[in-house]
Amino acid sequence: MDVKLNYGREGLSVRLPENAQTTILRKPAMPVIKDPRAGIEAAIGDPIDAPKLSEIAQDCRSVCIAICDITRPVPNHLFLRPLIEACEAAGIERSNICIVIATGLHRPNEGEELAELIGNAWVLENIAIHNHFALNDDEHISLGKTNTRGTAIRLDRRFVEADLRIATGLVEPHFMAGYSGGRKVVAPGLAHAETITTFHSARFMADPASRNCNIDGNPLHEEQLEIIRALDSWDNNSSSRYPKTLGLNTVLDDERRLAFVTFGDIFESHFKAVDFSRSYCELEVESRFDIVLTTAAGYPLDKTYYQTVKGMVGAMEILAPGGDLVIASQCEEGLGSADYEDAQKRLIAMGPNAFLDSLLKKSHADIDEWQTQMQLKPQAVGNIHLFSEGLSAAGHELTGVHRISNLELELQQLVDKQPDTRLAVIPEGPYVVPRMLAPQIQSS
């Protein structure tokens, strides 16, 4: 049996061992929107739990649109121009509309990469576009602290001070925050480093509720909601009659075609997109597997090893204890940031237990070390094997996982170790989250 994995830009065809009991785990087919432009315009024209743009714009002179950075396959090319034109039609001048790229603590997107991210020449030529820089103090406004956990709320000044704010994004499973999109585009996307390193600290990451597809009691999700509410409260001190923070959320099928779009109140529009995504992305299985073959979702998510950890975490629940988790990720840009490399070096030098203990003593995480902490979760379940054509030998050494040079040969050797090997394959990686069926309670 052959299967095509999401890997790099082109994908990777792999011949699977014939002597394994193989299960391919994919999303059910999504209903694709045949006319994306019409679907987007319909969503913008009928906001969820919010007035129409024509009403909101009566009190607005400026708009700031937040978009995700290059690490997410968000269909900006589909919705940015219709959204901007809707704002213009509502009476907001084009010169007062800007886009801010929600980089969080990632690097800026510039040049050809920026053009790819925006995906529309008209938008590039007509709208001011800025990168968010989380370490630039003067570019942020302080809105106090969250009530529950005391996280400092510092957000990008351009977004906060805009009369109308629109957070856009892709709703998909997220291994920390439950689901991406909505509130997550604002924090961590547009947050200061102080805010990000607080709710990405070890105490948040170690919370069992900080996991894929869960927003109930998830501390990251709860902090993100509080941050948005603080933003709304800051607005309440102005003369505005309307909510000024809206959301535009999209869901894509496994071929990255637009399947669902919402617009309106930043909370409710996100929840509706999450509900839609749930019914396709979350799969239940009856038993665990000896081997799980997964991916980092292909380009652009698998540009670095840093993002590859998401694929490991997404697959770990269905891996039998002591089993083998094999992940394919191109990593064309290598390991990731210098800060992440430093965290991986500390993990290798200290070992998992001492490394985790050192994190738990800190109130603020060092930049990017939270991803190293998340890698400890699948490593506690089984053996991790990585196939990557982009990492150097030195980069592989810092992953802390087993290196594969021949994916098909490695799979065959793993299968041959025991008879009746159960193999699960997740071609789309972290965009599909399999989980064990809840045990049935027998009535007496």
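Remember, it's a predicted structure, so these values are computed and weren't measured experimentally. (Residues numbered from 1 in each chain as written. Predicted model: local features only at pLDDT ≥ 70, side-chain atom pairs only at ≥ 80, totals over all residues. Heavy atoms only, no water.)

A.B. asks: Would you take a moment to explain the overall build of the protein chain for this structure?
C.D. replies: Across its full length, the protein chain carries 17 helices and 20 strands. The C-alpha atoms of the protein chain give 22 Å as radius of gyration, which agrees with the globular expectation for 444 residues (22 Å, within 12%). Projecting the C-alpha coordinates of the protein chain onto the three principal axes gives extents of approximately 70 × 60 × 50 Å. In the protein chain, buried positions account for 59% of the 444 residues. Computed over 42 positive and 62 negative side-chain charges, the separation of the two mean positions in the protein chain equals 2 Å. (Helix = DSSP H or I, 4+ residues; strand = E, 2+ residues; numbered from the N terminus. Rg over C-alpha atoms; globule rule 2.2 N^0.38 Å. Buried < 20%, exposed > 50% of the residue type's maximum accessible area, 1.4 Å probe, protein only. Lys, Arg positive; Asp, Glu negative; His and termini not counted. Charge placed at Lys NZ, Arg CZ, Asp CG, Glu CD.)

A.B. asks: I keep staring at the side chain of D368 and nothing clicks. Help me out?
C.D. replies: Summarising the element assignment, D368 is placed in the loop between α14 (352–360) and α15 (369–379). For the buried D368, which has no salt bridge, the nearest side chain bearing the opposite charge is R346, at an N-O separation of 9.9 Å. Once you skip the residues sitting within four places of it in the chain, D368 turns out to touch Y306, S337, D339 and Y340. (Salt bridge = Lys/Arg side-chain N within 4 Å of Asp/Glu carboxyl O. Contact = heavy atoms within 4.5 Å.)

A.B. asks: Just checking my understanding: could you explain helix α17 (residues 407–416) for this structure?
C.D. replies: Every α-helix winds through 3.6 residues per turn, so residues three or four apart in the chain are directed the same way. Of all the residues in α17, the buried ones are L407, E410, L411, L414 and V415. One side of α17 holds all its buried residues, which, seen down the axis, span an arc of 135°. Its side-chain oxygen at 3.3 Å from the backbone nitrogen of E408, N406 defines the N-terminal cap of α17. (Arc of directions from axis to C-beta. Polar contact = N/O pair within 3.5 Å; in protein donor to acceptor, adjacent residues only side chain to side chain.)

A.B. asks: How should I be thinking about the sheet that holds strand β5 (residues 97–102) in this particular structure?
C.D. replies: In a beta sheet, neighbouring strands are held together by backbone hydrogen bonds and run either parallel or antiparallel to one another. What the six strands build is an open sheet, ordered β6-β5-β4-β9-β12-β13; its pairing is mixed. With partners counted over all chains shown, the strands left at the sheet margins are β6 (128–131) and β13 (258–265), one partner each. Within this sheet the neighbouring strands show an average axis-to-axis angle of 20°, counted without direction. Looking at chain direction, strand β4 (residues 63–68) and strand β9 (residues 164–170) are connected through four bridges and run parallel. (Pairing = 2+ DSSP bridges. Axes fitted to C-alpha atoms, helices over the stretch in contact; angles between N-to-C directions.)

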